[in-house]
Amino acid sequence: MSTPAFSTTQEYENAVTGWWRTGVSRIRPGEILLRGYPVEQLIGEVSFVDTIWLMLRGDLPEPGQRRLLEAALVSAVDHGPQAPSIAAARMSATCGVGLNNAVATGVNLLGDVHGGAGQQCMELLAELHETGADLDEAAEKVVADHRASGARIPGFGHRFHPRDPRRDPLVSMVEQAVADGDVPGWALRAGTALERALSRGRSRPVPMNIDGATAIVYSELGFPPELGRGLFVLARSVGVLSHAWEEKSSGTRIKGPIPRPLLPDYNGPEPRDLRGGGSA
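Residues numbered from 1 in each chain as written. Predicted model: local features only at pLDDT ≥ 70, side-chain atom pairs only at ≥ 80, totals over all residues. Heavy atoms only, no water.

Peer 1: So what's going on with the overall build of the protein chain? Which residues, and what values?
Peer 2: Secondary structure assignment for the protein chain yields 12 helices and 3 strands. Taking 2.2 N^0.38 as the reference for a compact globule, 280 residues should give roughly 19 Å; the C-alpha atoms of the protein chain span a radius of gyration of 25 Å, well beyond that estimate. When its C-alpha atoms are laid out on the principal axes, the protein chain stretches across 85 × 55 × 50 Å. Looking at the protein chain as a whole, 39% of its 280 residues are labelled buried. A total accessible area of about 17100 Å² is found for the protein chain, and carbon and sulfur atoms account for 56% of it. Taking the 28 positively charged and 33 negatively charged side chains of the protein chain as two groups, their mean positions are separated by 7 Å. (Helix = DSSP H or I, 4+ residues; strand = E, 2+ residues; numbered from the N terminus. Rg over C-alpha atoms; globule rule 2.2 N^0.38 Å. Buried < 20%, exposed > 50% of the residue type's maximum accessible area, 1.4 Å probe, protein only. Areas by Shrake-Rupley, 256 points an atom, 1.4 Å probe, with all protein chains shown as cover. Lys, Arg positive; Asp, Glu negative; His and termini not counted. Charge placed at Lys NZ, Arg CZ, Asp CG, Glu CD.)

In structure tokens:
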């Protein structure tokens, strides 16, 4: 593989300094710029939510955008130790690893199955919106197609809550933001059309869950679906950290997935003797 030739020292220096070119931050002796703002001007003046928006989007949010982003982040902070990511973080904390390792253990479980429904719902909402067809008809088709294939509609229904308590306040906030002109409303319309289609003809409705509600919020705020998942991971990291710290502070060592007096069921072969040539 040939080495690129540089005609001048300046070309070489530009190639080196441009290797990790970034518009996110500039760090020099005595200077820290975040998206162009000196960090000393941000400290004490903007919130952490403002800073998240600034770092991801390049500028500070409007008040209505800030309220929605903060609400979505708060809503997804924790869902108890029955969530695999939280349980894994707590177990790892009892094994003597550092807090950063415990948090990483929990966060690394947030994939397509556990933690990915929000991104998947955002993609589905965008597909519905882009069809240009009647939303209720398009939603009926999406539901029919998913039922025919046995697939779940991401962001709707909950294995634990008959009605997710986080749904109503988030949807109400989006409705108000639409009325105030802070967001366009397309994702809200697509999400509620899906909710109606899922519940039609059923004795019990299938309301959207936290993933569906936050998918609407992040879509309305203009975040791409993959960043929607990133924001969920960012929010849930707070819960993971809290549980890992609580478990680490308890002093318990090597705490497994079930209490010690209980043993997992066994369905393998009955005891057999290698010396006796196997079972009789």
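Peer 1: So, a nonpolar patch on the surface: which residues are in play, and what are the values?
Peer 2: Side chains of Phe6, Tyr12 and Val16 sit close together on the surface and give an oily, nonpolar patch of about 290 Å² of accessible area. You can see tyrosine 12 is positioned in helix H1 (residues 9-17). The class of tyrosine 12 is partly exposed, set by a relative accessible area of 46%. (Patch = residues over 30% accessible without salt bridge, like charges linked within 9 Å, V, L, I, M, F, W, Y side chains within 5 Å. Salt bridge = Lys/Arg side-chain N within 4 Å of Asp/Glu carboxyl O.)

Peer 1: Which residues make up empty space enclosed by the protein, and what are the values?
Peer 2: For the structure shown, the criterion picks out 1 cavity of 30 Å³ or more. Sorting elements by how many residues they give to the lining of the largest cavity places helix H11 (residues 210-220) first, with 4 residues. Considering only residue class, the lining of the largest cavity consists of 4 nonpolar, 5 polar and 2 charged. (1 Å grid on protein atoms, 1.4 Å probe; cavity = no way out; pocket = protein on both sides within 12 Å on 5 of 7 lines; lining within 4 Å. Points joined across faces, edges and corners; volume = space filled by probe spheres on them. Nonpolar A, V, L, I, M, F, W, Y, C, P; charged D, E, K, R; others polar.)

Peer 1: Can you explain the sheet that holds strand E2 (residues 31-34)? Please cite residues and give values.
Peer 2: Paired through backbone hydrogen bonds, the strands of a sheet run either parallel or antiparallel to each other. The antiparallel open sheet is built from 3 strands, whose spatial order is E1-E2-E3. If you trace the sheet from one side to the other, it starts and ends with strand E1 (25-28) and strand E3 (37-38), each paired once. The sheet contact formed by E2 and E3 spans 2 bridges and is antiparallel. What sits directly across from leucine 34, in E3, is tyrosine 37. (Pairing = 2+ DSSP bridges.)

Peer 1: With reference to specific residues and values, describe the side chain of serine 92.
Peer 2: For serine 92, the location among the structural elements is in helix H5 (residues 84-93). We classify serine 92 as buried; its relative accessible area is 11%. There is a polar contact of 2.8 Å between the side chain of serine 92 and the backbone oxygen of alanine 89. The residues touching serine 92, leaving out its near neighbours within four places in the chain, are Val97, Ala102 and Thr105. (Polar contact = N/O pair within 3.5 Å; in protein donor to acceptor, adjacent residues only side chain to side chain. Contact = heavy atoms within 4.5 Å.)

Peer 1: So what's going on with helix H4 (residues 63-75)? Which residues, and what values?
Peer 2: With 13 residues, H4 ought to run about 18 Å at 1.5 Å a step, and its terminal C-alpha atoms sit 18 Å apart, in line with that. Within H4 the residues assigned to the buried category are Gly64, Gln65, Leu68, Leu69, Ala71, Ala72, Leu73 and Ser75. Where the residues of H4 are buried, they touch helix H3 (48-57), helix H9 (167-179), H11 and helix H12 (225-250). (Expected span 1.5 Å × (residues − 1).)

Peer 1: Lay out the layout of surface pockets in plain terms, naming residues and giving numbers.
Peer 2: Counted as a void, the largest pocket has a volume near 1000 Å³. Along the walls of the largest pocket sit 34 residues, with Phe156, Gly157, His158, Arg159 and Asn209 positioned nearest its centre. Broken down by secondary-structure element, the contributors of at least two residues to the lining of the largest pocket are helix H7 (117-131), helix H8 (135-149), H11 and H12. Its boundaries defined by the atoms lining it, the second largest pocket holds a volume of some 280 Å³. Every residue along the wall of the second largest pocket is listed here: Pro81, Ala87, Arg90, Met91, Glu247, Ile254, Lys255, Gly256, Pro257, Ile258, Pro259 and Arg260. In terms of residue count, H5 provides more of the lining of the second largest pocket than any other element does, 3 residues in total. Here the residues of the lining of the second largest pocket are counted per class, giving 7 nonpolar, 1 polar and 4 charged.

Function cannot be read off these values alone, since they describe shape.
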